[in-house]
Every structure is written in C-alpha cells, then in structure tokens.
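The primary structure of each chain is shown beneath.
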Amino acid sequence: MIDPDSFGVSFSIKQCRNFGIDPKETLYWLISEAGFGRFRLMSYWDECEKTKGTLDFTELDAQIEAVQKAGGKIILCLGARQPRWPENHWPEWAWSESKADRSTDLLSFITTVGNRYKARACIVSWQLENEALLANFGQKSEVDRARLKQEFQLVKRLDPDRPVIMTTSTSWGIPLRRPIPDIVGFSYYQIVYNSKKHKYSLSFHKPWLDRLRAGAIKLIWHRPSFIHELQLEPWGPKNIWEMDAIEQDKSMSTTQITSNIAQAKATRLQPVDLWGGEWWYWRLKQGDSSIWQTVRKSL
C-alpha cells in the first residue's frame, strides 16, 4: 500500500462516466492494484438527491465501504461545490427555489450526509466546499461567505472532533477572513491551457511559494497546510477524452508527471492528494501503462 500519510488520490464517479469506465472497477483498481489507502470522495448533492426529498446514497455507501474494507482513510467532501466539472453540483430543482430556501436545503443536505457517515472510523476529516470562494470557475457559482460560515459552524456542531479542511480559492493566497478551517488545502498545477489566449501556459507555482504560504498560515492561524490537489492529468483545449495522446502530453507527459511529483515533495507539505486517478486507469484500459507506471515510480 502507498503510505496514506504521504500520498492519496481523489476519486469521482462523474469523471469515470466521462471516460466511459466503470466507477466500481476503477475504485477497485485504485485500491487493490494501484495500492492507495487514502481517498478524497465526493458527496455530490445532485447525485444523492436528484428529486427533492428523495435521497439515494447507494453509490457513496459502496465507495466508502470499499475503502473501509481495505483499511483505508477517507476525506469526505461536503457542500454544493465539490471537485470535478461543473464544480458546483447543485441539483436542478434547487434553482427553482429562492436563494434563502436553496441555502436552507443545502444546510439540510450537509446535515444528512454528516449524520449518515460520522460514525465511520475510516473518515478522518471533512472537506467543506472545494475552493469555496472561487466565483470565476465552474457553472452556477454562488459565492456566499455568510452561508459558508453557517456551513462551517454546522459541520463543527455535527462532528466536533474531526478536522474540517477548506481549500484556498487562489493559487497564491492565504485565508485571512473567517471561516478559518482546521486544515488548509493547496492546489498545485504546472501547465494549463488558457482558453482566452488559446495557448498553454506555465503556472507560477514553486515549492518555495507553498512553503512560504504554509509558514504564514501556521504563524497567523496555527493551522497546518497540505496539497489537496496535485495536477497529474492533462488540462488542454478540450476534454481529456476528446484529445489524442499527443495533445494530452502537452500538459501532462511522463516527464511532467515526474516533475510535478518532485515539486510536490519539495514543498515538504504532506500528505499530497493526487489528481487524475481516473485518467491513469482510462489510459491503462487503452493499453498504455506508461502513465500509471510513471506515477508509481515517482511516489
């Protein structure tokens, strides 16, 4: 098993569907073949409550059970904004309501999820609202700091003992206004496609910058930081599954994978949660084992 205190991986049933791969098979591979013991899982609201008042946790129950059976650890995401496009996973019915009612329903859903899973020892922390204050990325963003404070207070009441992770909404800043989480998560990206300029660009991420950010957060808030999302999949002009391997390599070649992992290690922030497990398996299913083998050798 890959040391869960050093490296973990995010897993999304939505991304599996995008690639046309079976979510259960993919998760099994990540656990049993790849050897991961730390997972960031999503409680997508639009998956679990497609019709108001009708709750279905079958998929999420199965994911948690699989990780728990393997002796793994889970960070469970809560809220409307969770990883993977469209970033904001509101059920469609919520948009027919007033904002006040929609907010009440969101708090109710978080309560339901928290109460359902807080007895699971495999859940080591909650992540609340992925990049909560990032308004200019994703569909149907609804940034509301006052509501975010309510959500944070709610989760702490539901489960006072588990830490709450929140992720920074920029690649360079530090949290200066409340709510201040128990643990702060950083994203770490290197090569991304700028759709406005129609070209690839190299980000300004450097290990020293994240060490500096983490040090400032420790000094100001006495909170630890870690990398919750290390880019290990392409970011190009199209969806990954619409790009050929040559285009995918422009932002995530085997050389870039090695470099990104080396840079993450150089931040000295742990654990590092990797981003792209569904892509590695998709490429493996296509007969290309080089992506996963490079990830594995670099950890």
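Above this text you will find the structure in question.
Described in the following lines is the structure provided in the data block. (Residues numbered from 1 in each chain as written. Predicted model: local features only at pLDDT ≥ 70, side-chain atom pairs only at ≥ 80, totals over all residues. Heavy atoms only, no water.)

Looking now at the overall build of the chain. Each helix and strand in the chain was counted, giving 11 helices and 10 strands. For 299 residues, the compact-globule estimate of 2.2 N^0.38 gives 19 Å, and the chain sits close to it at 18 Å. In terms of overall dimensions, the chain has a C-alpha envelope of 45 × 45 × 40 Å along the principal axes. (Helix = DSSP H or I, 4+ residues; strand = E, 2+ residues; numbered from the N terminus. Rg over C-alpha atoms; globule rule 2.2 N^0.38 Å.)

Strand order in the closed barrel formed by eight strands is β1-β2-β3-β4-β5-β6-β9-β10, and the pairing between neighbours is parallel. In this sheet, adjacent strand axes meet at a mean angle of 30° when their direction is disregarded. In the sheet, strand β6 (residues 183-188) pairs with strand β9 (residues 225-231) via five bridges, with the strands oriented parallel. For Y188, the partnering residue across the bridge sits in β9 and is L230. Sitting on the sheet, helix α7 (residues 207-221) is in contact with β6 and β9, with an inclination near 165° to β6. (Pairing = 2+ DSSP bridges. Axes fitted to C-alpha atoms, helices over the stretch in contact; angles between N-to-C directions. Contact = heavy atoms within 4.5 Å.)

Let us now look at helix α8 (residues 245-252). For α8, the set of buried residues is E247, Q248, S251 and M252. Take α8 and look down its axis: the buried residues cluster within an arc of 115°, on one side only. Looking at the buried residues of α8, the elements they touch are β7 (191-194), β8 (199-202), β9, α9 (254-267) and α10 (277-285). For α8, the side-chain oxygen to backbone nitrogen distance between the N-cap and I246 is 3.2 Å, and the N-cap itself is D244. (Buried < 20%, exposed > 50% of the residue type's maximum accessible area, 1.4 Å probe, protein only. Arc of directions from axis to C-beta. Polar contact = N/O pair within 3.5 Å; in protein donor to acceptor, adjacent residues only side chain to side chain.)

Another aspect to go through is the pairing of β9. Among the seven residues that make up β9, seven are buried, leaving the element largely enclosed by the rest of the structure. Pairing geometry for β9 and strand β10 (residues 272-275), over three bridges, is parallel. Bridge pairing links L230 to L274 in β10.

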